[in-house]
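Chain residues, written in single-letter form:
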Amino acid sequence: MTATDQSRTKSTYSLQWNRFRIIRPEEDRVTFRNRTGLTAADLAGALVLDAGCGMGRYLRMAAELGARAVGLDLSEAVRAARELTADLPGVSLTRGDLLRPPFAAGSFDHIYSLGVLDHTPDPRAAFLAIARLLKPGGRIAIWVYPRERPLLEAVVRVHRGVSTRLPVSWLLTLSRLMAPVGGLKRRLMASPTRWVNRAGVGLHLLTFGVSMHPDPEVRVCDTLDWYAPRYLSRHTHEEVRSWFAEAGLVEVVDLSAGQVFHHEGQGHGINLAGRRPG
């Protein structure tokens, strides 16, 4: 594979989002509100781009709040998104690359990209490419993985150095086998007993990418999402803010401040929004 080959990304998300239909409306509404900062008043009649829509759960949220919603994804996940949003006339979908989005500059009132840029070969370039699609006065919100402490980064490199060389179908099986471990981590780390809690933290360090989501099916999906993609970058606030500055965006805000999450452990990421000068 070349340095920017995205065939693994396509195969991973084509399998993941056509195999898993992770629809959790209450959780999805809370997550959408937290990570985009958008309300029904913002979205009513607006043209909105979901940049990396996957199976379309947030695309559906935007359309239900009154947006004319466009979903863009590199993979065959658009088939799942089309099925999920078939009853919503304001939704359209297309396959395409965030590094070369198939839309004219200045097209959209709002853009959001949640947990997608960090799975591209060049997150900064992908951000700049989609930021150009904003109309004057338009707003973009993104969520990416944060850079971890050096020890955790070392663990991640070792784990993913192996996992990204395995077939995606094998990783799906392994993710199912590891789902109980994620549940065990969650229980141990929630314990008020110090040694039990510390044991949970130790287990988490050894199995960092294994999801602790309270829903077992989501744990499988999230674990696959961590181990299977070829690209999974982590970033700092300063780095991501520099993207917004380079794109000429203003009114940059940290959406993670003061968020109330749907369940414990949600929201660990860099979540910024900014506006194109109007």
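Preceding this paragraph is the structure being described.
Residues numbered from 1 in each chain as written. Predicted model: local features only at pLDDT ≥ 70, side-chain atom pairs only at ≥ 80, totals over all residues. Heavy atoms only, no water.

1. Description of the overall build of the protein chain
For step 1, the next point in the chain: For the protein chain, the count of helices and strands is eleven helices and seven strands.
For step 2, the next point in the chain: In terms of overall dimensions, the protein chain is globule-like: its C-alpha atoms have a radius of gyration of 18 Å, near the 19 Å expected for 278 residues.
For step 3, the next point in the chain: Here the C-alpha coordinates of the protein chain stretch approximately 55 × 35 × 35 Å along the principal axes.
For step 4, the next point in the chain: For the protein chain, the share of sequence-separated contacts (at least 6 apart) that also reach a separation of at least 24 residues comes to 73%.
For step 5, the next point in the chain: The distance from the centre of the 36 positive side-chain charges to the centre of the 27 negative ones in the protein chain is 4 Å. (Helix = DSSP H or I, 4+ residues; strand = E, 2+ residues; numbered from the N terminus. Rg over C-alpha atoms; globule rule 2.2 N^0.38 Å. Contact = heavy atoms within 4.5 Å. Lys, Arg positive; Asp, Glu negative; His and termini not counted. Charge placed at Lys NZ, Arg CZ, Asp CG, Glu CD.)

2. Here's the deal with the packing of helix α1 (residues 7-19) against helix α5 (residues 77-84)
For step 1, the next point in the chain: The geometry of α1 relative to α5 is characterised by a closest axis approach of 7 Å and an angle of 25° between their N-to-C directions. Accordingly, the angle class assigned to the pair α1 and α5 is roughly parallel. Across from Tyr13, Ser14, Trp17 and Asn18 in α1, the residues of α5 making contact are Ala77, Arg79 and Ala80. (Axes fitted to C-alpha atoms, helices over the stretch in contact; angles between N-to-C directions. Parallel < 35°, antiparallel > 145°, perpendicular 65-115°, else oblique.)

3. Observations regarding helix α6 (residues 123-131)
For step 1, the next point in the chain: Counting buried positions over the nine residues of α6 gives seven, a clear majority of the element.
For step 2, the next point in the chain: Pro123, Ala126, Phe127, Leu128, Ala129, Ile130 and Ala131 are the residues of α6 that are buried. (Buried < 20%, exposed > 50% of the residue type's maximum accessible area, 1.4 Å probe, protein only.)

4. Considering the environment of aspartate 109
For step 1, the next point in the chain: With respect to the element layout, aspartate 109 can be found in strand β4 (residues 108-114).
For step 2, the next point in the chain: The class of aspartate 109 is partly exposed, set by a relative accessible area of 23%.
For step 3, the next point in the chain: Distance in space between the C-alpha atoms of aspartate 109 and aspartate 42 is 9.3 Å, their sequence separation being 67 residues.
For step 4, the next point in the chain: When near neighbours in sequence (up to four residues on either side) are disregarded, aspartate 109 contacts Ala46, Leu47, Leu134, Lys135, Gly138 and Arg139.
For step 5, the next point in the chain: A polar atom in the side chain of aspartate 109 sits 3.4 Å from the side chain of lysine 135. (Polar contact = N/O pair within 3.5 Å; in protein donor to acceptor, adjacent residues only side chain to side chain.)

5. Side note on the pattern of salt bridges
For step 1, the next point in the chain: Per the stated rule, a full pass over the model turns up 14 salt bridges.
For step 2, the next point in the chain: In this structure, the salt-bridge partner of arginine 147 is glutamate 239, at a minimum N-O distance of 3.5 Å. On the criterion of sequence distance, the pair formed by arginine 147 in the loop between β5 (134-144) and α7 (150-163) and glutamate 239 in helix α11 (residues 237-246) is long-range, its members being 92 residues apart.
For step 3, the next point in the chain: For arginine 147, a relative accessible area of 46% corresponds to the partly exposed category.
For step 4, the next point in the chain: Taking the relative accessible area as the measure of exposure, glutamate 239 reaches 26% and is therefore partly exposed.
For step 5, the next point in the chain: Across the pair arginine 275 and glutamate 251 runs a salt bridge whose closest N-O atoms are separated by 3.5 Å. Residue arginine 275 is located in strand β7 (residues 270-275), and its partner glutamate 251 is located in strand β6 (residues 250-254); the two are separated by 24 residues in the primary sequence.
For step 6, the next point in the chain: A relative accessible area of 27% means that arginine 275 is categorised as partly exposed.
For step 7, the next point in the chain: When its relative accessible area of 56% is taken as the criterion, glutamate 251 is described as exposed. (Salt bridge = Lys/Arg side-chain N within 4 Å of Asp/Glu carboxyl O.)

6. Focus: the sheet that holds β5
As a general point, the strands of a sheet are linked pairwise by backbone hydrogen bonds and lie either parallel or antiparallel.
For step 1, the next point in the chain: Read from one edge to the other, the open sheet built from seven strands follows the order β3-β2-β1-β4-β5-β7-β6, with strand pairing classed as mixed. With one partner strand each, in any of the chains shown, β3 (91-95) and β6 form the two edges of the open sheet. Across the sheet, the axes of successive neighbouring strands diverge by a mean angle of 15°, strand direction being ignored.
For step 2, the next point in the chain: With five bridges connecting them, strand β2 (residues 68-73) and β3 associate as parallel partners. Looking at β3, one finds that alanine 69 is bridged to valine 91. (Pairing = 2+ DSSP bridges.)

7. Let's talk about the environment of arginine 234
For step 1, the next point in the chain: Mapping arginine 234 onto the fold places it in the loop between α10 (216-227) and α11.
For step 2, the next point in the chain: Overall, arginine 234 belongs to the buried group, its relative accessible area being 14%.
For step 3, the next point in the chain: For the pair arginine 234 and arginine 139, spaced 95 residues apart in sequence, the C-alpha to C-alpha distance is 23 Å.
For step 4, the next point in the chain: Not counting the four nearest positions on each side in its chain, arginine 234 is found in contact with Tyr145, Pro146, Arg147, Glu153, Val156, Trp226 and Glu239.
For step 5, the next point in the chain: Side-chain polar atoms of arginine 234 contact the side chain of glutamate 153, separated by 2.7 Å.

8. Some thoughts on the nonpolar core
For step 1, the next point in the chain: Judged by nonpolar contacts, the single largest core of 48 residues is most densely connected at Phe32 and Tyr112.
For step 2, the next point in the chain: Top element by residues in this core is α10. It accounts for six residues.
For step 3, the next point in the chain: For tyrosine 112, the contacting residues outside a window of four places in its chain are Phe32, Thr36, Leu38, Val48, Leu49, Asp50, Ala51, Tyr58, Leu59, Ala62 and Ala141.
For step 4, the next point in the chain: Among the nonpolar cores identified, the runner-up in size contains 27 residues, and Val116, Ala126, Leu133 and Ile140 belong to it. (Core = buried A, V, L, I, M, F, W, Y, C linked by side-chain atoms within 4.5 Å.)

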